[in-house]
Amino acid sequence: MSETIYVENEHFRIRSARLEDAIAIRKMVFKTFVEYGIAADPDDDDRDIMCFGVPKANVVELVTVFGDVPVGSAILTGGDDGRVKLTKYYLDKDYRGFGAGVAMLQTAVATARQLGFKEIFLKTRARYKEAVQLYESTGWVRGADQPGPGPERVYTIRFAES
């Protein structure tokens, strides 16, 4: 399978994930969990990151790299209902402030739209304040809060019918 480059500039590149990205991305995601006081759940909510980089049907995995270092991730998983779920949208805190987080989110939304989905949604936690602020400032609509354990907030973007 050929690699897709979604974004490239002087600071970073957003591309399709490779198997060799898996260890660095898992470490980055779990480091972020520790930063926010979240326990990893590799058997359930975090199962998708355990097989990052392995091609799967109805899944698009994005990775953000600075130089050759994988520092960000986003996973799009398509459903049969015309919706796609965004998970594992994380960027290493040492690489924030260069526009990579916004570019990765925009790339995920644009990719979902290009693939013909009617809606993209994600679940997140209120404690991810920077991400919540980004969602709310870029057109994501907050839905009803969900019962715990796990992420309590749901955000969506519905795409216009063409």
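A short tour of the structure in this document, coming up.

Rules used in this analysis
- The residue numbering used here restarts from 1 in each chain and proceeds along that chain's sequence as written.
- Local features in this predicted model are restricted to residues of pLDDT 70 or higher, and side-chain atom pairs are both shown and tallied only at a pLDDT of 80 or more, whereas totals for entire chains, interfaces and linings draw on every residue.
- With hydrogens and water stripped out, all remaining heavy atoms of the structure feed into the side-chain values.
- A helix here means a DSSP run of H or I that spans at least four residues, while a strand means a run of E at least two residues long, and both kinds are numbered starting from the N terminus.
- Atoms counted for the radius of gyration: C-alpha only. Globule rule: 2.2 Å times the number of residues to the power 0.38.
- Partly exposed describes any residue whose relative accessible area lies between the buried limit of under 20% and the exposed limit of over 50%, with all areas from a 1.4 Å probe on protein chains only and scaled to the type maximum.
- By definition, residues are in contact when any of their heavy atoms lie within 4.5 Å.
- Residues scored as positive are Lys and Arg, those scored as negative are Asp and Glu, and His as well as the terminal groups of each chain are ignored.
- In this description, the location of a charge corresponds to atom NZ of lysine, CZ of arginine, CG of aspartate or CD of glutamate.
- For our purposes a nonpolar core is just a set of buried Ala, Val, Leu, Ile, Met, Phe, Trp, Tyr and Cys residues, chained together by side-chain atoms within 4.5 Å.
- Two strands make a pair as long as DSSP finds a minimum of two bridges between them.
- Inter-axis angles, ranging from 0 to 180 degrees, are taken between N-to-C directions of lines fitted to C-alpha atoms, where helices are fitted over the stretch in contact.

Here's the deal with the overall build of the chain
And step 1. Along the chain, the regular secondary structure elements total four helices and eight strands.
And step 2. Taken from N to C terminus, the helices and strands of the chain fall in the order β-β-α-α-β-β-β-α-β-α-β-β.
And step 3. Since a compact globule built from 162 residues should have a radius of gyration of about 15 Å, the 15 Å found for the chain is in line with a globular shape.
And step 4. Taken along the three principal axes of its C-alpha coordinates, the chain extends 40 × 40 × 30 Å.
And step 5. Looking at the 162 residues of the chain, the share that counts as buried comes to 47%.
And step 6. Taking the contacts inside the chain whose residues are at least 6 apart along the sequence as the reference set, 58% of them involve residues at least 24 apart.
And step 7. Charge-centre separation for the chain: the mean point of 22 positive side chains lies 2 Å from the mean point of 24 negative side chains.

Some details on the nonpolar core
And step 1. Core analysis: the largest hydrophobic core is formed by 44 residues, its most contacted members being Leu86, Tyr89, Ile120, Tyr135 and Trp140.
And step 2. Within the residue set of this core, elements represented by two or more residues are helix H1 (22–36), strand S3 (59–66), strand S4 (69–78), strand S5 (83–91), helix H3 (100–114), strand S6 (119–124), helix H4 (129–137) and strand S8 (153–158).
And step 3. Per-element tally for this core: the top contributor is H3, with seven residues.
And step 4. Setting aside chain neighbours within four positions, we find isoleucine 120 in contact with Leu76, Val84, Leu86, Ala108, Val109, Ala112, Trp140, Tyr155, Thr156, Ile157 and Phe159.

Structural notes on the sheet that holds strand S1 (residues 5–8)
And step 1. Strand order across the open sheet formed by eight strands is S1-S2-S3-S4-S5-S6-S8-S7, with mixed pairing between neighbours. Looking at the sheet topology across the chains shown, the edges are occupied by S1 and strand S7 (141–142).
And step 2. Judged from the six bridges that link them, S4 and S5 form a sheet pairing that is antiparallel. Of the residues in S5, the one forming a bridge with threonine 77 is lysine 85.
And step 3. In the packing of H1 onto the sheet, the strands contacted are S3, S4 and S5, and the crossing angle to S4 comes to about 90°.
And step 4. Where H3 meets the sheet, it contacts S1, strand S2 (13–16), S3, S4, S5, S6 and S8, and its direction lies at approximately 165° from that of S5.

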